[in-house]
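# Coordinate inspection notes
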Amino acid sequence: MSDEKKRMLRSQSWFEGRGAKNFAHRAWVRSRGVPTDHFDGRPVIGICNTWSELTPCNSHFRDLAQHVREGILEAGGVPMEFPVISPGEMLTRPTAMLLRNLCSMDVEETLRANPLDGVVLMMGCDKTTPALLMGAASVNLPTIGLSAGPMFNGSFRGRPFGIKDAWNLAADLRAGRATNQDFEEAETCLTRSVGVCNVMGTASTMASLVEAMGVGLPDNAAIPAQDARRRVLARMVGRRIVEMVREGLTLDKLLTRKAFENAIKVNAAIGGSTNAVIHLTAVARRMGVELTIEDWHQIGRDVPTLLNLQPSGRYMMQDFHEAGGLPVIIRDMCEAGLLHGDALTAAGITLAQANEGAVCLNPDVIHSVAQPFMANSGVAILRGNLCPNGAVIKPSAADPRLLKHRGRAVVFDSQQDLHRRVDDPALDIDADCIMVLRNCGPKGFPGMPELGMLPIPAKLLKQGVTDIVRISDARMSGTAFGAVVLHVSPEAAVGGALAVVQDGDLIELDVAGRRLDLLISDQELQQRLAAWTPPPAPASRGYAKLYVDTVNQAHDGCDLEFLVGRSGHDVPPAQH
Ligand code: FES
Ligand code: MG
């Protein structure tokens, strides 16, 4: 390393020199047993760890971080591990999405405030990935991602059992087709190891996009959490980030417009989560890359689904790994000219180079561009008087019969209203109706919970109805499915048209025509909106108030307005 390069390291502002402050910085770090040569100008690498027992999906991160640490040391760097808020999907209430932006602030401020030259982002459960990417993008250090990896496949009474099967079993229980005993037994069969949900939910979607955008190394997405090969990957990540610091390979060189376009296409090819639309928008806006929800349609529409994985297909994440993992899909798509193969990756080579030679070992799991699993894929962006700023649907997860549908609205004003009435035998609803849920957007709930897959009313389930059109300003779990229109923007709580839909109104959904309309006249709509009064603010203090006061709408990524953009990584002044 040249002297000039050495001087460029941020950490030397803390650790090099004869001043009292340099003395104190070194002395306090030495207190945990760090030798003198760790202050000789080596890259100092943060290991940003979302380990938490409150986030079971990430609860192997203390072990995994040890392997990252070994890699950093092997490459001549100095590891410095630190915790950040860990928004876990299963336990956090009202929704981990509320804490995504808070976590991103934690990441951003910790990175900038400390003697770090590069960072490894340890990300797993749904929101931890966008939160860490958003925070890191606003700082723009050399950055590499390491994902948690999925749980092993679930197995129930000798058959594969994924989260979609669990949702179906819950519906069977409500319809009287399954017993409590079945349900309890299934519980222990679903989560056979730590790691993220074992289907193509939001966590594995985001891990795949980390890999597709070149922020993670090949195989980042699919190696199971408890497979020894993930520990090897962790070590490689540790080695690589040290080199990235020496090369000056900052995050903006990876997260370019090309990378986001690749992510949108890979999301379509893997049948990825609708949540990716919101998260990628937020990350792009931190990075200063122009990306709108319209891009999801323009860029993703001709990409077929290649992956036969739940919730769109049949298999689970472990099967994906054993079939060759995401490198197979990236290689195939690069060869077909669908991806920007020249996009740079954290490996220091292009995306095409990093994935060349990947071999498909099970064509029933990973189909090809030549023989796709499904032609109709990705996410469709809808417009219309119900959603002038957009709404999202995942056609591959819906009953195709419902993709063009006109029906009578049955409106629920809130989550509580939904729970109170959905299974009431007196509910006036049939299979052709359209269920509407409102006041569940970013400001309204607050935090935009995953309530979009409204439960099908029990009386329809008993008739054998398996899908029905549902519309809301909420999100849905990446593991959910159905003819579900989400992210209606503007949301009801800020006076979007969703706020004034009435029971009995006709609504028309036309996915091919990209329309979602409330079939009333403009004049009638304007009159109803003029008579509408906003609901009381759902928070009066604390972080929730900051969130409600400043969160932007779904089509803008649900970031806090004042967090959009980046402030870089200049070294702040010292207090001493
Ligand atoms: Fe953590 Fe699904 S609950 S990834
Ligand atoms: Mg989820």
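Up top is the structure.
Below or above, wherever it landed, is the structure these notes cover. Residue positions are counted from 1 within each chain, in the order its sequence is given. Written order decides the labels, with chains lettered from A and ligands numbered from 1. Owing to the predicted nature of the model, reporting of local features is limited to residues with pLDDT of at least 70; listing and counting of side-chain atom pairs is limited to 80 or more, with chain, interface and lining totals taken over all residues.

### A short note on the overall build of the protein
- Counting from the N terminus, the helices are the DSSP runs of H or I reaching at least four residues and the strands are the DSSP runs of E reaching at least two. Along the backbone of the protein there are 20 helices and 14 strands.
- The globule rule puts the C-alpha radius of gyration for 576 residues at 25 Å, and the 24 Å found for the protein is close to it.
- Taking the principal axes of the C-alpha coordinates as reference, the protein spans close to 80 × 55 × 45 Å.
- Per-residue burial for the protein yields a buried fraction of 56% across its 576 residues.
- Contact definition: two residues whose C-beta atoms, as placed from backbone geometry, lie within 7 Å. Put simply, 78% of the contacts in the protein that link residues at least 6 apart link residues at least 24 apart. Computation of the radius of gyration draws on C-alpha atoms, with the globule rule given as 2.2 Å multiplied by the number of residues to the power 0.38. Exposure classes come from backbone-placed C-beta atoms, where a residue is buried if 20 or more other C-beta atoms lie within 10 Å of its own, exposed if 12 or fewer do, and partly exposed in between.

### Focus on unusual backbone geometry
- At the junction of Arg93 and Pro94, the peptide bond is cis and its omega measures out at 0° in the coordinates.
- Within the secondary structure, Pro94 is located in the loop between β2 (78–83) and α5 (96–113).
- Phe445 connects to Pro446 through a cis peptide bond whose omega is -5°.
- One non-glycine residue with positive phi stands out, namely Asn140, at about 65°.
- Tracing the chain through its elements places Asn140 in the loop between α6 (128–137) and β4 (143–147).
- The exposure class assigned to Asn140 is buried, which follows from the 21 C-beta atoms found within 10 Å.
- Even without being a glycine, Asn439 presents a positive backbone phi close to 65°.

### So, the sheet that holds strand β12 (residues 484–486)
- The strand order across the open sheet formed by eight strands is β7-β8-β12-β11-β10-β9-β13-β14, and the pairing between neighbours is mixed. At either margin of the open sheet sits one strand with a lone partner, and together these are β7 (380–382) and β14 (515–518). Looking at each pair of strands side by side, their axes are set apart by 30° on average, direction ignored.
- Here the rule is simple: two strands pair whenever DSSP picks up at least two bridges between them. Both β7 and strand β8 (residues 391–393) contribute to a ladder of three bridges, which runs antiparallel. Looking across to β8, one finds that Ala380 is bridged to Ile393. Throughout, an axis means a line fitted to C-alpha atoms (over the contacting stretch in the case of helices), and angles, computed between N-to-C directions, take values from 0 to 180 degrees.

### A few points about the environment of Ala171
- Looking at the element boundaries, Ala171 is found in helix α7 (residues 163–174).
- Take Ala171: there are 16 C-beta atoms within 10 Å of it, and that puts it in the partly exposed class.
- Between the alpha carbons of Ala171 and Trp28 there is a distance of 57 Å; along the sequence they are 143 residues apart.

### A look at helix α9 (residues 202–212)
- Within α9, eleven of the eleven residues are buried, leaving the element largely enclosed by the surrounding structure.
- Taken together, the buried positions of α9 are Thr202, Ala203, Ser204, Thr205, Met206, Ala207, Ser208, Leu209, Val210, Glu211 and Ala212.
- For α9, the secondary structure elements touched by its buried residues are α6, β4, α11 (257–269), α12 (275–287), α14 (317–322) and α15 (326–335).
- The positive-phi residue at the C-terminal boundary of α9 is Gly214, with phi of around 80°.

### Details of the pairing of strand β11 (residues 469–472)
- Residue alternation in β11 divides its side chains into two sets, Val469 and Ile471 and Arg470 and Ser472, and both sets are buried.
- Where strand β10 (residues 434–437) meets β11, four bridges bridge the pair, whose relative direction is parallel. Counterpart to Leu437 in the pairing with β11 is Ser472.
- Pairing between β11 and β12: two bridges, direction parallel. Across the sheet, Arg470 pairs through a bridge with Val484, a residue of β12.

That's the geometry; what it means functionally is another story.
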